[in-house]
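# Structural description and commentary
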Amino acid sequence: MIITNVTMIDAHKEVKGSLVIENGLIKEVLLEQLPLGEHVVDGKGYALLPAFVDLHTHLREPGFPEKEDMESGMRAALKGGFVHLTAMANTKPVTDSKEKVLRNLEKAKKLSLCDLTQVSAVTEEFQNTENALVDFQSLRSVTTMFSNDGKNLDSMEAMEKALEYSKELDFTVSCHCEPEAEYTKKYLELNSRIGGNLHICHVSEKETVDLIRAAKRQGIKVTCEVTPHHLFAHSIPYKVHPPFAREEDVAALIEGIKEGTIDHLATDHAPHTAKDKLEGMPGLSNIEYAFSMYHTVFQENDLSVSKLVELLSENPAKKLGLPMGSFEKGKEANFVLVDLHKIIEINPNEMISRGKNTPFAGRRVLGQVKLTMKRGEIYYDHR
């Protein structure tokens, strides 16, 4: 297959021309437009970006099909340009064993939609004791991500052990922190002497950005992520965890992206039913509009599309060890064709996700995903 008449943008370059794909891999990047014909896709002058990798998704499977299931979540993700999802473990039952992880991996394989990294809990049933730590050795063969996201891990003894295992077995401990700065500080202090693979979820506050920046300068091992909604809005009462912060916090997140303190963009896609939201459940459904929300914020703050690709494609792909994220020969042909100039309206009624929960209905955003390709095959087409 050949995709022609596109501007190819990754974290390192921006070139116009054509992409040649063979056996699901990048064969060649040509700096010329090729004639249309069989197996040639007309990119219509749009931008071609490496497809997106989400380090933080809630697929709600097993246990909450009324909110989302794997198929609806993955179809929504493909519409949003994501081909690889990292599904959190706050399911019912909690995903805390090799058998439970394998169940979801096998279902994902059968669905043949997005690729999946299934997160395991750090402790059985999200308990807060060192004695409840999961079997990291067994689980490491099926996942590289561990998180009790949705809840703090209050036991510093359990966190210390988890970080030690993460260093020994080479996996990531992804941490939900509330109060955010307080728990981030505790975990950074622990990791200053352990050197494990610590990752801070959904950073939203200036104080947290300051703590992570200082930790990195001191050589403490840590990565972090921000969400579309925490960049897109501030000071609104809609319930998310962590809450929407202040305008100065959003400014700090933008500065953290510009200077390199922020490593990743992740959706924290959290679908709920209307009844759930009325009863106070935190979270919003955003994976279908995440790119457009990010692109809007980046354009408003003079951040490049290349920087967006670095944080939404290349960096998360590297963290998960995926052979994608750039226009390098031999990498998987996972791409998203986007109209960078199209203004669209966020419309819950058009969401594929079962969760229509968003405070942004009717808001106008910049950029639209036109086509999503995984290993040379088209999985979503809105041209």
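In what follows, the accompanying structure is described.

Scoring rules and cut-offs
- Residues numbered from 1 in each chain as written.
- Predicted model: local features only at pLDDT ≥ 70, side-chain atom pairs only at ≥ 80, totals over all residues.
- Heavy atoms only, no water.
- Helix = DSSP H or I, 4+ residues; strand = E, 2+ residues; numbered from the N terminus.
- Buried < 20%, exposed > 50% of the residue type's maximum accessible area, 1.4 Å probe, protein only.
- Lys, Arg positive; Asp, Glu negative; His and termini not counted.
- Salt bridge = Lys/Arg side-chain N within 4 Å of Asp/Glu carboxyl O.
- Polar contact = N/O pair within 3.5 Å; in protein donor to acceptor, adjacent residues only side chain to side chain.

### Observations concerning the side chain of E225
Mapped onto the fold, E225 is located in strand β12 (residues 222-226). No salt bridge is formed by the buried E225; the nearest opposite charge belongs to K319, separated by 8.5 Å. Here H199 takes part through its side chain, which lies 2.8 Å from a polar atom of the side chain of E225. Within the local environment of E225, its side chain forms a polar contact with the backbone nitrogen of H202, the two atoms lying 3.2 Å apart.

### Some words on the pattern of salt bridges
It is possible for side chains bearing opposite charge to pair when their charged atoms get close. All told, the structure shown has 25 salt bridges when counted by the stated rule. Among the salt bridges present, the one from K107 reaches E61, with a minimum N-O distance of 2.7 Å. Of the two residues, K107 is situated in helix α2 (residues 98-111) and E61 in the loop between β6 (52-57) and α1 (70-79); the sequence distance between them amounts to 46 residues. Since its relative accessible area comes to 31%, K107 is described here as partly exposed. The class of E61 is buried, set by a relative accessible area of 8%. With a closest N to O distance of 2.8 Å, R246 and D249 form a salt bridge. Residues joined by salt bridges that share partners form a network here, namely D115, E332, K374 and R375.

That's the geometry; what it means functionally is another story.
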